[in-house]
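A closer look at the structure
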Amino acid sequence: MPRKKRIWIPNTFYHVVCRGNRRDALFKDEGDFKIFLYMLHKVNEIAPFDLASYCIMTNHFHLQMRTQQQPISKVMSLLNKRYADYYNTKNRITGHVFEKRYYDKIIYSQQDMLEVSRYIYRNPIEANMVKKVEAYCWSSYRNYLHTTGSPVVNTSIIMDYYTGSMWERRGKYKAFVENDNGASEGTSDSSDTI
């Protein structure tokens, strides 16, 4: 049976999730996390994309991304192929590294963008890996709290939803992400589709 064709809308954000085969660990040590981030950066040079947030867990990863010129499937194909080759070579194994095709869901609104980013960043808390969102080092959350950033993550995508100075915006976003009920204050009134 043929695979269902993916819907790609240029310049639209998606929540992308990819899991290890049998939910096995994809990232076994610090080097694996670092290699994946390096590959993400290199794939961005070949097949450009905008990344609003990411979180790399031990057996899966989340990306909040959009592409303008090529389908997200092209980006994911490049990324997953490179990481699978690295993983199999490092671990001296063969076969599938990822469980199945990656999951993707279109993000339609500003509020959905905020909710998805919050969900992504709170993943390590829900998995009882850390007690505070900021304590997890394999997500882009810290880029939103500090002036130093990642060459891949564009924090202005989310920060532009908030009003006030950059310091105030960071504080509002931090309160939104770290609040258990996700109440968001101080966002702009626009509810346009992203």
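Each chain has its residues counted from 1, running along the sequence as written. The predicted origin of the model limits local features to residues at a pLDDT of at least 70 and limits the giving and counting of side-chain atom pairs to 80 or more, whereas totals for whole chains, interfaces and linings rest on all residues. Only heavy atoms go into the side-chain values, all of them from the structure, while hydrogens and water stay out.

Re the confidence of the model for the chain
pLDDT measures the predictor's confidence residue by residue and takes values from 0 up to 100. For the chain, per-residue confidence averages 90 on the pLDDT scale, and residues scoring 70 or more make up 91% of the total. Secondary structure elements follow DSSP: runs of H or I of four or more residues count as helices, runs of E of two or more count as strands, with numbering from the N terminus. Looking over the chain, one finds the lowest element-wise mean pLDDT in helix α4 (residues 141-145), namely 93, and the highest in strand β3 (residues 60-66), namely 98. Segment residues 189-194: pLDDT under 50, and 14 contacts once partners within four positions in sequence are set aside and those in other chains are kept. By the convention used here, residues are in contact when the closest approach between their heavy atoms is within 4.5 Å.

Digging into helix α2 (residues 72-91)
Here α2 is 20 residues long and its end C-alpha atoms lie 28 Å apart, about the 28 Å a rise of 1.5 Å per residue gives. With a 1.4 Å probe rolled over the protein chains alone, any residue whose accessible area is under 20% of its type maximum counts as buried; one over 50% counts as exposed, and the rest are partly exposed. Three or more residues of α2 are buried, namely I72, V75, M76, L78, L79, N80, Y83, A84, Y87 and N88. For α2, the elements touching its buried residues are β1 (14-19), α1 (30-46) and β3. Count one or two residues on from α2 and you reach R92, which has phi positive near 55°. A helix is expected to reach a length of 1.5 Å times the quantity of its residues less one.

A look at the packing of α1 against α2
The relative placement of two packed helices comes down to the angle between their axes together with the axis-to-axis distance. For helices, the fitted line uses only the C-alpha atoms of the stretch in contact; every axis is such a line through C-alpha atoms, and the angle between N-to-C directions lies from 0 to 180 degrees. The N-to-C vectors of α1 and α2 enclose an angle of 145°; their axes lie 10 Å apart at closest approach. In this structure, α1 crosses over α2, and the sense of that crossing is right-handed. Contacts between α1 and α2 involve G31, D32, I35, F36, M39, L40, K42, V43 and I46 from the former and V75, L78, L79, R82, Y83, Y86 and K90 from the latter. Ten residue types, Ala, Val, Leu, Ile, Met, Phe, Trp, Tyr, Cys and Pro, are classed as nonpolar, four, Asp, Glu, Lys and Arg, as charged, and the remainder, Gly among them, as polar. Class assignment of the residues belonging to the contact of α1 with α2 gives a composition of 11 nonpolar, 1 polar and 4 charged. By convention, the crossing between two helices is left-handed when the near helix turns anticlockwise from the far helix through less than a right angle, and right-handed when the turn is clockwise.

Brief notes about helix α3 (residues 110-126)
Its 17 residues place the ends of α3 24 Å apart at the C-alpha level, agreeing with the 24 Å of an ideal helix rising 1.5 Å per residue. By definition, a residue's bend is the angle between the axes fitted to the seven residues ending there and the seven starting there. Most pronounced at I120, the bend in α3 amounts to some 30°, and the proline P124 follows within four residues. For α3, the set of buried residues is Q110, M113, L114, V116, S117, R118, I120, Y121, R122, N123, P124 and I125. Considering only its buried residues, α3 is in contact with β1, β2 (50-56), β3, α4, α5 (156-159) and α6 (166-178). Immediately downstream of α3, the backbone of N128 shows phi near 55°, a positive value.

Topic: the pairing of β1
With 5 of 6 residues buried, β1 lies mostly within the body of the structure. Judged from the 6 bridges that link them, β1 and β3 form a sheet pairing that is antiparallel. Counterpart to R19 in the pairing with β3 is H60. We call two strands paired when DSSP finds no fewer than two bridges between them. As defined by bridge partners, β1 adjoins strand β4 (residues 103-106) across 4 bridges and the pair is classed as antiparallel.

Thoughts on the sheet that holds β4
Strand order in the open sheet made by the 4 strands is β2-β3-β1-β4, with antiparallel pairing throughout. Two strands lie at the open edges of the sheet, namely β2 and β4, each paired on one side alone. The average undirected angle you get between the axes of adjacent strands in this sheet is 15°. Running at roughly 165° to β2, α1 makes contact with β2 and β3 of the sheet.

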